[in-house]
Amino acid sequence: MIRVVLPHHLRTLAQVGGEVELSVEGEATQRAILDALEARYPMLRGTIRDQVTLQRRAFLRFFACQEDLSHEPADVSLPDAVARGEEPLMIVGAIAGG
Amino acid sequence: MSSARVLVGTRKGAFVLTSDGKRKKWDVCGPHFAGWEIYHVAGSPADPNRLYASQSSSWFGQVIQRSEDGGKTWAPVGNKFEYDGVPGTHQWYDGSAHPWEFKRVWHLEPSLTDPDVVYAGIEDAALFRSGDGGQNWEEVSGLRKHGSGPKWQPGAGGMCLHTIILDPANPDRIYIAISAAGAFRTDDGGKSWLPINRGLTSQYIPDPNAEVGHCVHKMAMHPSRPNVLFMQKHWDVMRTDNAGDVWTEVSGNLPTDFGFVVDVHAHEPETIYVVPIKSDSEHYPLEGKLRVYRSRSGGHEWEALTKGLPQENCYVNVLRDAMAVDSLDKCGVYFGTTGGQVYASTDAGDSWEPIVRDLPAVLSVEVQTLS
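Residues numbered from 1 in each chain as written. Chains lettered and ligands numbered in written order. Predicted model: local features only at pLDDT ≥ 70, side-chain atom pairs only at ≥ 80, totals over all residues.

A. The overall build of chain B, seen in detail. Along the backbone of chain B there are zero helices and 30 strands. Relative to the globule expectation of 21 Å for 371 residues, the C-alpha radius of gyration of chain B, 19 Å, shows essentially globular dimensions. With the C-alpha coordinates of chain B rotated into their principal frame, the extents come out at 50 × 45 × 40 Å. For chain B, the proportion of its 371 residues judged to be buried stands at 53%. (Helix = DSSP H or I, 4+ residues; strand = E, 2+ residues; numbered from the N terminus. Rg over C-alpha atoms; globule rule 2.2 N^0.38 Å. Buried ≥ 20, exposed ≤ 12 C-beta atoms within 10 Å, placed from the backbone.)

Following this line, the structure appears as C-alpha cells:
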C-alpha cells in the first residue's frame, strides 16, 4: 500500500485522520497516486492539482524520502521506499502568508 | 413565527447566525470550513434549507459546499469550472493581453424557483450554471463571448463577476456585473448578452463613456420592480429605470460616492442604502465615522444613519457582497465589516447594533427570512 500524508485542510475536507493508504495499479508515479487518491476521495479533485490542466497547485509541494519531488515529471516513478509503503508521499502546503 | 438566518462569509470560515423574529438575540454557529476564505454563502429561495457556499484558498483552490439543513451540516459538491472552448485573453493591469484563468467563485445565486439550479460568478469573469445542485457546472458562455471580452480588465480585487440578479417576472432575463467590465443583461436566458453601461462615466479609462471597462462594484434590485436597478460604481451611485438601457447618477448629497455595497429596502422600492467609503486609495469611512446612508427617494437625497455605529476611530471597510436585507416588518438591514463585525438594524436603518463582533474580516452577508 502507498502511504500519503495530506495537509491539515485536506484531511479535514476528506474527513480522514492520519495517513491515507492507497492501492495503486502499476508504477507508483505522482500521477498514479493522485489518480488513486482522487478516485477514493473525490472531494480532493482540484485541490492538489488543477482539474483541467492537471498541474500541481503552486503552493503545494511533494516530498518523499527527504527529497523535494515537486518538479519531477508526473509519470516518473517515485522512490522504491514510497512504492513499498516504507515511506509516505508527503503533500505539503507552502509556508506563505506569515 | 418568522425568524431570520444570517449567512456570513469571512476570510477564515463561514458563520450562520439565527434569531427569532425579534432579532434581538442571536445564536452564532461556526466557523464552518475553518481557515478557508468563504467568499459567499447563499440560500435557495425555493428551499431555504438548501444552502451553497463558495470555499477557496490560495493553496487548495476552489471547493463548493452544499447544505440540506440550513447550514448545520455540509458536503462538498462539484468544483470543476472549465471555460467553454479556448478562453482567449482579456486585458491585464498594464493593458497587455492576459489569458483567462479560473481563480475562484465570488458569488452564488440560487434560482428563485428550483433548488437544484444555481449560478456562479467567477474570477476571471464568467458566469456558470449548475442544474444538479452544484455537482456539475457549465459556462453560460454567451456572456464571455459577447465580443468585448478582450477589453475587460481586472479591478484591484481581480476580474470578478460579483453580481447576479435574476428577474422574478421574466426567467429569461438576468443581470450581471463585472469589475472592471461593467453591467450586462440577457433577455434570452443567457444565450446573448447586452452591455448596459450607457450613462456610466469613469475617468480611469481612456474613454470615460466607453461601452465596457467600468468598475461596477455592486447592483441591487427590488423584486417588485425588475426594470429598476441601483448601482454602486467605483465612484458614483447610479440608477436605471429601463433595465439598464440608460443610467443616471443619484449620488446627490453623499459625502463621498465611492463605496462597495448597495441594497434596497424589502418593502419600499425607493428606499436604498449605501456605505460611503472615503476613496479608492483609502478604503475606510470618512473621518473615521461608520455611517450608512439611506435615501427614501431612490437617490439624490441621502440621510446619514449613525445611531449605534462607531462615530470615531473606525477604519474598517464594507465589501461589495457584505450587505443584505430581510423581509420582516420592520425591514432588517445587515452589513459586515473587514473588522469582523456584523451590524444589524431591525428598524430599517434608524438604529444599529452589532449582532456579532470580532469575526475574521467579513467578505459577504446574506439573510434569509424564514417562516
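B. Structural context of the sheet that holds strand 21 (residues 248-249) of chain B. All names here are of chain B. Judged by pairing direction, the sheet is antiparallel, and its four strands sit side by side in the order 18-19-20-21 without closing on themselves. Bordering the open sheet on either side are strand 18 (216-221) and strand 21, each of which pairs with just one other strand. Bridging between strand 20 (residues 237-240) and strand 21 involves two bridges; their strand directions are antiparallel. Paired with R239 across the strands is T248, a residue of strand 21. (Pairing = 2+ DSSP bridges.)

C. A look at the sheet that holds strand 28 (residues 342-345) of chain B. Residues and elements named next belong to chain B. Reading across from one edge, 26-27-28-29 is the order of the four strands in this open sheet, with antiparallel pairing throughout. Both edges of this open sheet fall to strand 26 (323-325) and strand 29 (353-356), since each of them pairs with a single strand only. Taken pair by pair, the neighbouring strands of this sheet meet at an average axis angle of 30 degrees, ignoring direction. (Axes fitted to C-alpha atoms, helices over the stretch in contact; angles between N-to-C directions.)

D. Broad picture of the environment of B:R23. Residues and elements named next belong to chain B. As for its placement among the helices and strands, R23 is situated in the loop between strand 2 (13-20) and strand 3 (27-32). What makes R23 buried here is the crowd of 23 C-beta atoms within 10 Å. With 305 residues separating them in the primary sequence, R23 and L328 have C-alpha atoms 9.8 Å apart.

E. Inspection of the pairing of strand 18 of chain B at higher detail. Residues and elements named next belong to chain B. Within strand 18, six of the six residues are buried, which leaves it mostly tucked inside the rest of the structure. Taken together, the five bridges between strand 18 and strand 19 (residues 229-233) define a ladder with antiparallel strand orientation. Opposite M219, over in strand 19, you have M231 as the bridge partner.

F. Up close: the interface of chain A and chain B. With 13 residues of chain A in contact, the opposing surface of chain B contributes 13 residues. A per-element tally of the side of chain A that touches chain B places helix 1 (residues 8-14) of chain A first, with three residues. Of the residues that constitute the side of chain A that touches chain B, the class distribution is six nonpolar, five polar and two charged. (Contact = placed C-beta atoms within 7 Å. Nonpolar A, V, L, I, M, F, W, Y, C, P; charged D, E, K, R; others polar.)

G. Quick look at the environment of B:I272. If you trace the backbone, B:I272 turns up in strand 23 (residues 272-277). On a C-alpha basis, the gap between B:I272 and B:I38 in space is 26 Å, while along the polypeptide they are 234 residues apart.

H. Molecular detail of unusual backbone geometry. Residue and element names in this part refer to chain B. Following S179, the chain continues into A180 via a peptide bond in cis, with omega recorded as 5 degrees. Within the secondary structure layout, A180 lies in the loop between strand 15 (174-179) and strand 16 (182-186). Cis geometry is adopted by the peptide bond preceding K330, which originates at D329 and carries an omega value of 5 degrees. Here K330 lies in the loop between strand 26 and strand 27 (333-336). A positive phi angle, close to 90 degrees, is found at D236, a residue other than glycine. On the neighbour-count criterion, D236 (22 C-beta atoms within 10 Å) is buried. Residue E287 is not a glycine yet carries a positive backbone phi of 60 degrees. Looking at where E287 falls in the secondary structure, it is placed in the loop between strand 23 and strand 24 (292-295). Looking at E287, the number of C-beta atoms within 10 Å reads 11, which means it is exposed.

I. Looking closely at the nonpolar core. Counting 132 residues, the largest nonpolar core has B:V8, B:I122, B:I176, B:I178, B:Y334, B:V342 and B:V365 as its most contacted members. Leaving out residues up to four positions away in the same chain, B:I122 has contacts with B:F81, B:F102, B:R104, B:V105, B:W106, B:F128 and B:L161. (Core = buried A, V, L, I, M, F, W, Y, C linked by C-beta atoms within 7 Å.)

Read these as spatial facts, not as claims about activity.
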